[in-house]
Amino acid sequence: MNPNIFLQNGELVIILIKGKKQAIKNKISFFLSLRWILLATYVVIGIVPLLLIASTILHSVQDYFIEERKKELLSQANVISGQITSHNYMTEQATRDSLEETVLDMSQEHDFRVLVLDSSCLVVYDTGYSDVGKTVLIPEVIEALENKDIARIQEDGMVYAAVSISGSNNTRAGVVLVSDDMKDIADTVNNIAKKGNLLLAGLAIIVIIMMFILSQIFTEPIKKMIKVIQKMSQGHFEQRIQVHSSIHNEVVDLALACNQMADQLEKVESTRQQFVSNVSHELKTPLSSIKVLSESILLQEDVPKEMYVEFLHDINSEVDRMAAIINDLLTLVKLDQKEIPLNFKEIDLNEMMEGIIKRLLPLAQTKGIHINYEKVRDVTATIDGMKLTLAIANIVDNAIKYTPESGSIDIKLDADHQNVFISVADTGIGIPDDEVGRIFERFYRVDKMRDRETGGTGLGLSITYSTIMMHNGSIKVYSKEDEGTTILVRIPMRQNI
Ligand SMILES: Nc1ncnc2c1ncn2[C@@H]1O[C@H](COP(=O)(O)OP(=O)(O)OP(=O)(O)O)[C@@H](O)[C@H]1O
Ligand SMILES: [Mg+2]
């Protein structure tokens, strides 16, 4: 045999078995699906009680009929017994025939059998004839002889009603025993049961169809959601779940929440892409400058030494710029990943502010900018001093950078019981209204050209924002073009570490 063919066959068998197993697994989870569970629950809740109620009613009806029949038989037996007594049937032969005729008529009319027994349980008359002369010793007869008239249903479905016949001197002369089968009652009950079953079957079908539709209505949107979420998990963030319903239920709310999550994911994704492209762009610009500068030296012959120095100087500052960008990026990434845990300590904020101002004062002085510092009260707070110094220094640095010569900057430190407030107000160029909301974005700069001159990377405020958020604080910007900008920072005094 060709071993290849053998191998192929073997593989085929394995595939088939695998396919079968998979199919069984699918089937099981299919019947355990929300839809089938809902359907089964509805059926159990909707149909089982109906069945129970129907069977209870049927039994009650049957019991009622039987009780009625017992009463009827007892009363008939009583009538016959009364007649027997009044006609002296047991002792006088003369009246027997006419009475027997009446009893026979009665028994035929009502379709029951009448036996007349004497005090020794011997049958003296039987509308069914067959038992005359026999002794009938059944509990009903004995109880009747003890003067306890009784009607009872037997296991075979027969009802016996036994009534005593009064003799002279308050003795028992015998017993009238009326018996009847319950066939007609059984027929009636069966009839009712048949109709009831038909009705139940109809109802069950209607319930099942309704529940099928209802479970479809409930589970269909969930199925759609699963499909959309699966696509999202493959990276298609533009997917949305169609919500038509104006009625708000949990499923609709879930769909809306999913859509919101998709919005957010899409935003994150586009921010990420934007960020990557910004980083590339920001690094490409200094790189191209370096390339142009180095090429112009390399391609020229007899380059004077001054030109070398000047170009190398330019190249050096471009490298510095790249290093600054990369440093800022690394800081941001670490902040984002919470890689550097905050080192919370009790810090004198007044000291911190004075340190920042002292460091940046020379920069302000070269532009003839006056810095006013107002300390409203002594404030200490549990913060990460190093990181918050960097964050606030970015704000003050911006105020100096974006304020023209001989402007002024007002810095204020205040606090209430819970929060520290730091405000930095400048008389600078301000920010256009529609751009105020964007200055915390990475690499965002209002005036791209001008900021390249000031050396900014556009990452300063992103770092500031992240740091303040990590302190559970907030930052607000109030700005008017050509008038100035005020940045207000709030930091909680105590951190829940
Ligand atoms: N006080 C201010 N007055 C006017 N514009 C401001 C002020 N502060 C920030 N901006 C605007 O917001 C932009 C973003 O500020 P951010 O501090 O993030 O970047 P940068 O100062 O340009 O660079 P970096 O701080 O990274 O060196 C700035 O480029 C500037 O256009
Ligand atoms: Mg800045």
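Residues numbered from 1 in each chain as written. Chains lettered and ligands numbered in written order. Predicted model: local features only at pLDDT ≥ 70, side-chain atom pairs only at ≥ 80, totals over all residues. Heavy atoms only, no water.

A word on the pattern of salt bridges
Here comes step 1: The full count for this structure, using the stated rule, is 25 salt bridges.
Here comes step 2: The salt bridge involving Arg69 is made with Glu72; its shortest N-O contact spans 3.6 Å. Of the two residues, Arg69 and Glu72 are both situated in helix 2 (residues 34-86); the distance of 3 residues between them amounts to about one turn of the helix.
Here comes step 3: The buried category is assigned to Arg69, whose relative accessible area is 14%.
Here comes step 4: Glu72 sits in the partly exposed class, given a relative accessible area of 29%.
Here comes step 5: Among the ionic pairs, Arg494 bridges to Glu346, the shortest N-O distance being 3.8 Å. (Salt bridge = Lys/Arg side-chain N within 4 Å of Asp/Glu carboxyl O. Helix = DSSP H or I, 4+ residues; strand = E, 2+ residues; numbered from the N terminus. Buried < 20%, exposed > 50% of the residue type's maximum accessible area, 1.4 Å probe, protein only.)

Description of the domain arrangement of the chain
Here comes step 1: What the domain assignment reports for the chain is domain 1 (33-230), domain 2 (250-334) and domain 3 (342-492).
Here comes step 2: Between the C-alpha centres of domain 1 and domain 2 the distance comes to 97 Å.
Here comes step 3: Across the interface of domain 1 and domain 2, roughly 340 Å² is buried in total on both sides, 96% from carbon and sulfur atoms.
Here comes step 4: Between the two partners, domain 1 and domain 2, sit 0 salt bridges.
Here comes step 5: At the boundary of domain 1 with domain 2, the tally comes to 0 residue pairs in polar contact (both at pLDDT 80 or more). (Domains from an automatic or database assignment. Buried area = accessible area lost by both parts, 1.4 Å probe. Polar contact = N/O pair within 3.5 Å; in protein donor to acceptor, adjacent residues only side chain to side chain.)

Considering the site of ligand 1
Here comes step 1: Every one of the 21 residues lining ligand 1 counts as a neighbour, but Asn398, Asp426, Thr457, Gly460 and Leu461 are closest to it.
Here comes step 2: Between ligand 1 and the protein, one listed contact pairs an oxygen atom with a side-chain N or O atom of Asn398 at 2.8 Å.
Here comes step 3: Contacts to ligand 1 include Tyr402, whose side-chain N or O atom sits 2.9 Å from an oxygen atom.
Here comes step 4: Across the complex, the protein chains shield 95% of the 600 Å² of accessible surface that ligand 1 would expose by itself.
Here comes step 5: Only helix 9 (385-401) and helix 11 (460-470) provide two or more residues apiece to the shell around ligand 1.
Here comes step 6: With 3 residues, the single largest contributor to the shell around ligand 1 is helix 9.
Here comes step 7: In terms of residue class, the shell around ligand 1 is built from 9 nonpolar, 7 polar and 5 charged. (Near = heavy atom within 4 Å. Areas by Shrake-Rupley, 256 points an atom, 1.4 Å probe, with all protein chains shown as cover. Nonpolar A, V, L, I, M, F, W, Y, C, P; charged D, E, K, R; others polar.)

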